[in-house]
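Each chain, written out:
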Amino acid sequence: MEVIITKDYDEMSKEAAKIIREQIVSKPNSVLGLATGGTPIGTYKELVRMHKEEGLDFCKVVTFNLDEYIGLPPSHDQSYYYFMWENLFKHVNINPENVHVPAGIIADFEAYCNWYEEEIKKAGGIDLQLLGIGGDGHIAFNEPGSSLTSRTRIVTLFEQTRKDNARFFKSIDEVPYFAITMGVGTIMEAKKILLIANGKKKAKVVAEFIEGPITSMITASVLQLHPNCTVVLDEEAASELKYAKEYRWMYENKNRIKDFQFK
Ligand code: GLP
């Protein structure tokens, strides 16, 4: 796992957007896995700027979102579909046919979840998956106790997650109880993972998932097993890491290998 520690939210967002830009430039028809929540808003803003000012081209990019609240129609201003269009899609030249956000209103849950998994496979798998992290260590909506090999399915949200996310709704009563989410196993199949986290509130869980044991109690901890995972943090979120100094040192020196010569 590569850990990059940046100064603040703004720098974290720029660093994450740079990694996504590299992915799109090196493979214009990249399949991106995308996340919602407060954390990626700055990253999406920076990607929009790169599109407008530098011509970053999304015309062949394909996207799959991680999750959606069950019961919210796409027009609901707290649906993840709405979030994605407001924060990214409507500002860039993405082909709407290439956008996939799981539906929140579904007749046959099982068939729909299988279909979503199949669509990811048909697209060739996810090249780069962007992730945030919940206060309890969840990725997407894989709450503590989720199987580390789980697939796309319907889950019940923890009460704390409903409370955490209530800040975006008019009241907690409006926060759905259920969600559709890619599973941990689905996420782990992405070729590259990029997890971002900021703020003091995430410091403890960030230290736990990077430096603690792998456990389904903190689903993000399974990322320790992923061969190509980058974590971009701000200083506050990195403040409880035991090896912060070493991560910085490794990051600052990583380009030296390019000049390395065998004598
Ligand atoms: C939700 C989402 C996650 C996200 C988490 C953290 O639970 N399902 O994908 O990572 O919130 O959100 P925030 O970035 O607002 O802290």
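This is a predicted model, so every value here is computed, not measured. (Residues numbered from 1 in each chain as written. Predicted model: local features only at pLDDT ≥ 70, side-chain atom pairs only at ≥ 80, totals over all residues. Heavy atoms only, no water.)

Enquirer: Can you tell me about the environment of R167, naming the residues and giving the values?
Expert: Along the chain, the position of R167 falls in the loop between α5 (159-165) and β8 (178-181). Since its relative accessible area comes to 54%, R167 is described here as exposed. In terms of polar contacts, R167 uses its side chain to reach the backbone carbonyl oxygen of D164, at 2.7 Å. (Helix = DSSP H or I, 4+ residues; strand = E, 2+ residues; numbered from the N terminus. Buried < 20%, exposed > 50% of the residue type's maximum accessible area, 1.4 Å probe, protein only. Polar contact = N/O pair within 3.5 Å; in protein donor to acceptor, adjacent residues only side chain to side chain.)

Enquirer: I'd like a description of the packing of helix α2 (residues 41-54) against helix α3 (residues 80-87), backed by residues and values.
Expert: Two numbers describe how α2 lies on α3: the axes approach to 10 Å, and their chain directions differ by 40 degrees. Overall, the two elements α2 and α3 adopt an arrangement that is oblique. Contact with α2, carried on its side by I41, Y44 and V48, involves F83, M84 and N87 of α3 and no other residues of that element. The residue inventory of the contact of α2 with α3, partitioned by class, reads five nonpolar, one polar and no charged. (Axes fitted to C-alpha atoms, helices over the stretch in contact; angles between N-to-C directions. Parallel < 35°, antiparallel > 145°, perpendicular 65-115°, else oblique. Contact = heavy atoms within 4.5 Å. Nonpolar A, V, L, I, M, F, W, Y, C, P; charged D, E, K, R; others polar.)

Enquirer: Can you tell me about the site of the ligand, naming the residues and giving the values?
Expert: As a structural note, the neighbourhood of the ligand is formed by 14 residues, with G38, T39, D67, R167 and K202 the closest of them. In this structure, G38 approaches the ligand through a main-chain N or O atom, which is 2.7 Å from an oxygen atom. With respect to the ligand, the side chain of T39 contributes an N or O atom lying 2.4 Å from an oxygen atom. Look at the ligand: alone it shows 390 Å² of surface, and the protein chains cover 94% of it. Split into classes, the residues belonging to the shell around the ligand amount to four nonpolar, seven polar and three charged. (Near = heavy atom within 4 Å. Areas by Shrake-Rupley, 256 points an atom, 1.4 Å probe, with all protein chains shown as cover.)

Enquirer: Account for the nonpolar core, naming residues and giving values.
Expert: Within the largest apolar cluster, 72 residues are counted, with the highest numbers of intra-cluster contacts made by L47, L88, L195, F209, I210, L233 and L241. Take this core: its biggest share by element is six residues, from helix α1 (residues 9-26). Beyond its immediate sequence surroundings of up to four residues, I210 is in contact with M1, V3, Q224, V231, L233, L241 and Y247. One finds F141, A166, F169 and A179 within the second-largest nonpolar core, a separate group that totals 10 residues. (Core = buried A, V, L, I, M, F, W, Y, C linked by side-chain atoms within 4.5 Å.)

Enquirer: Quick one: what's the story with unusual backbone geometry, residue by residue and with numbers?
Expert: A positive phi angle, close to 55 degrees, is found at A140, a residue other than glycine. You can see A140 is positioned in the loop between β6 (128-131) and β7 (153-156). For A140, a relative accessible area of 10% puts it in the buried group.

Enquirer: Give a detailed account of α1, specifying residues and quantitative values.
Expert: The first and last C-alpha atoms of α1 sit 26 Å apart over 18 residues, in line with the 26 Å expected at 1.5 Å per residue. Of the positions making up α1, those classed as buried are M12, S13, E15, A16, A17, I19, I20, Q23 and I24. (Expected span 1.5 Å × (residues − 1).)

Enquirer: So, a nonpolar patch on the surface: which residues are in play, and what are the values?
Expert: Side chains of I257, F260 and F262 sit close together on the surface and give an oily, nonpolar patch of about 430 Å² of accessible area. You can see F262 is positioned in the segment after α8 (244-253). (Patch = residues over 30% accessible without salt bridge, like charges linked within 9 Å, V, L, I, M, F, W, Y side chains within 5 Å. Salt bridge = Lys/Arg side-chain N within 4 Å of Asp/Glu carboxyl O.)

Enquirer: Lay out the sheet that holds strand β9 (residues 192-197) with the relevant residues and their values.
Expert: Read from one edge to the other, the open sheet built from seven strands follows the order β1-β10-β9-β6-β2-β3-β5, with strand pairing classed as parallel. Since the sheet does not close on itself, it has two edges, and those belong to β1 (2-6) and β5 (99-100), each with one partner. Across four bridges, the pairing between β6 and β9 is parallel. The residue bridging L128 from the neighbouring strand is K192, located in β9. Sheet strands in contact with helix α4 (residues 109-122) are β3 (62-65) and β5, and its direction is about 150 degrees off that of β3. (Pairing = 2+ DSSP bridges.)

Enquirer: Can you lay out the pairing of β3 for me, pointing to particular residues and giving the numbers?
Expert: Side-chain direction in a regular strand flips from residue to residue, so the side chains alternate between the two faces of the sheet. With burial as the criterion, each face of β3 is covered, one bearing V62 and F64 and the other bearing T63 and N65. Of the crossover connections in this fold, the one passing from strand β2 (residues 31-34) over α2 to the parallel β3 is right-handed. As paired elements, β3 and β5 share two bridges and run parallel to each other. The residue of β5 that forms the bridge with T63 is V99. (Right-handed = clockwise from strand over helix to strand, strands pointing away.)

Nothing here speaks to function; it is geometry throughout.
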